[in-house]
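The chain contents come next:
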Amino acid sequence: MTLISLIVVLFAERVATQSQYWQADFYLTKFHRFIHKRSLLDANTSDLVYLAIILIPALLLFVLLQAIDSNFLRLIIDSAILMVCIGCPSLRATYKCYLQAANRGDFQACSMYADQLGHSGDSPSSFGQMLVWLNYQHYAAVIIWFAALGPAGSLLYVLARSTQQWLSEQQDMQLPIADKLMAVLDWLPVRITALGFLLVGHFSRALPIWLHHFAGLQTPAKTVLCEVAKAAEDVEPDENDCTEEPCTLVRLAKRNVLFLVVFISVLSLSGWIR
């Protein structure tokens, strides 16, 4: 059922226009507003309280889904939850606006849209690498956690990711536990994703970098992914063409999503996941 849900959702996510009720941001905004109104998170929040806020919704969902006996109903529910968790229409729309601005030569607008996507001029990573990271956060990582733990896994990752970002936007709300939790949740998925880059990109050039970071615990997940992606595709940012590098790396990320689908299908056929 995991494979069927994944294929259906990826197809629907590409061809259908998602209303706000099928977007994670709609529910995450309410979740964070609920937390803020009740002052559940502040600078003095303990690690245990933070973990409870993130883990309890996923655990409740896991328990509720285990009580459903109908495979068909589970397929529908699993697909619906994955549809909400995966992707980000607003980011995709911003990227399309970036490409349109680049095609008409409006570099000031390109800079504005790149900034909206989280990339600044002094960022150590290129704009294309930033897009690879966003694709990982909103597609690859969600898919991997869905394959590992079902809808509860996807919900857990999305809640942890969005809450960390929400805290970073709040003043005086830096919680080390939020970064530590994301480091744990990203450690294996980012290496699986980077492995996909090896197989769908330049294997021999990217393999040494992947091996160098494989067992590392201190290197940030974003750094691992960006360095492997850069090595897997031989492309450099071009001041005269601000679309070549990001488009090339986005194509790499899309090929990697197909690799993950194939990988999950092999695991399904071999009985490792159902």
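Quick note: structure is the one above.
Residues numbered from 1 in each chain as written. Predicted model: local features only at pLDDT ≥ 70, side-chain atom pairs only at ≥ 80, totals over all residues. Heavy atoms only, no water.

### So, unusual backbone geometry
With a phi close to 50°, Ser39 is a non-glycine residue in the positive phi region. Note that Ser39 resides in the loop between helix 2 (24-37) and helix 3 (47-66). (Helix = DSSP H or I, 4+ residues; strand = E, 2+ residues; numbered from the N terminus.)

### A word on empty space enclosed by the protein
Enumeration according to the criterion identifies one cavity of 30 Å³ or more in this entry. Reported here for the largest cavity is a volume of approximately 70 Å³. As for the largest cavity, its lining consists of Gln18, Trp22, Gln23, Ala24, Asp25, Val84, Ile86, Gly87, Cys88, Pro89, His138 and Arg161. For the lining of the largest cavity, the class distribution of residues is six nonpolar, four polar and two charged. (1 Å grid on protein atoms, 1.4 Å probe; cavity = no way out; pocket = protein on both sides within 12 Å on 5 of 7 lines; lining within 4 Å. Points joined across faces, edges and corners; volume = space filled by probe spheres on them. Nonpolar A, V, L, I, M, F, W, Y, C, P; charged D, E, K, R; others polar.)

### Notes on the pattern of salt bridges
If the charged atoms of two oppositely charged side chains come close together, the side chains can form a pair. Evaluated as defined, the whole model comprises five salt bridges. Measuring nitrogen to oxygen at the nearest pair gives 3.2 Å for the salt bridge that ties Asp78 to Arg74. Placement of both Asp78 and Arg74 in helix 4 (residues 71-85) is noted, with a separation of four residues, approximately one turn of the helix. According to the relative accessible area criterion, Asp78 is buried, its value standing at 5%. Among the salt bridges present, the one from Arg255 reaches Glu233, with a minimum N-O distance of 2.5 Å. Remark: Glu233 occurs in the loop between helix 11 (221-232) and helix 12 (244-269) and Arg255 occurs in helix 12; sequence separation between them is 22 residues. Its relative accessible area of 15% is what places Glu233 among the buried residues. (Salt bridge = Lys/Arg side-chain N within 4 Å of Asp/Glu carboxyl O. Buried < 20%, exposed > 50% of the residue type's maximum accessible area, 1.4 Å probe, protein only.)

### Quick notes on the layout of surface pockets
Where empty space is left can be seen by rolling a probe of water-molecule size over the atoms. In this structure, the largest pocket spans a volume of roughly 850 Å³. In terms of lining residues, the largest pocket is bounded by 34 residues, among which Trp133, Gln137, Arg161, Gln164 and Gln165 are the most central. Breaking the lining of the largest pocket down by element, the ones donating at least two residues are helix 2, helix 5 (89-103), helix 7 (127-149), helix 8 (151-169), helix 9 (176-200) and helix 11. Here the residues of the lining of the largest pocket sort into 14 nonpolar, 13 polar and seven charged.

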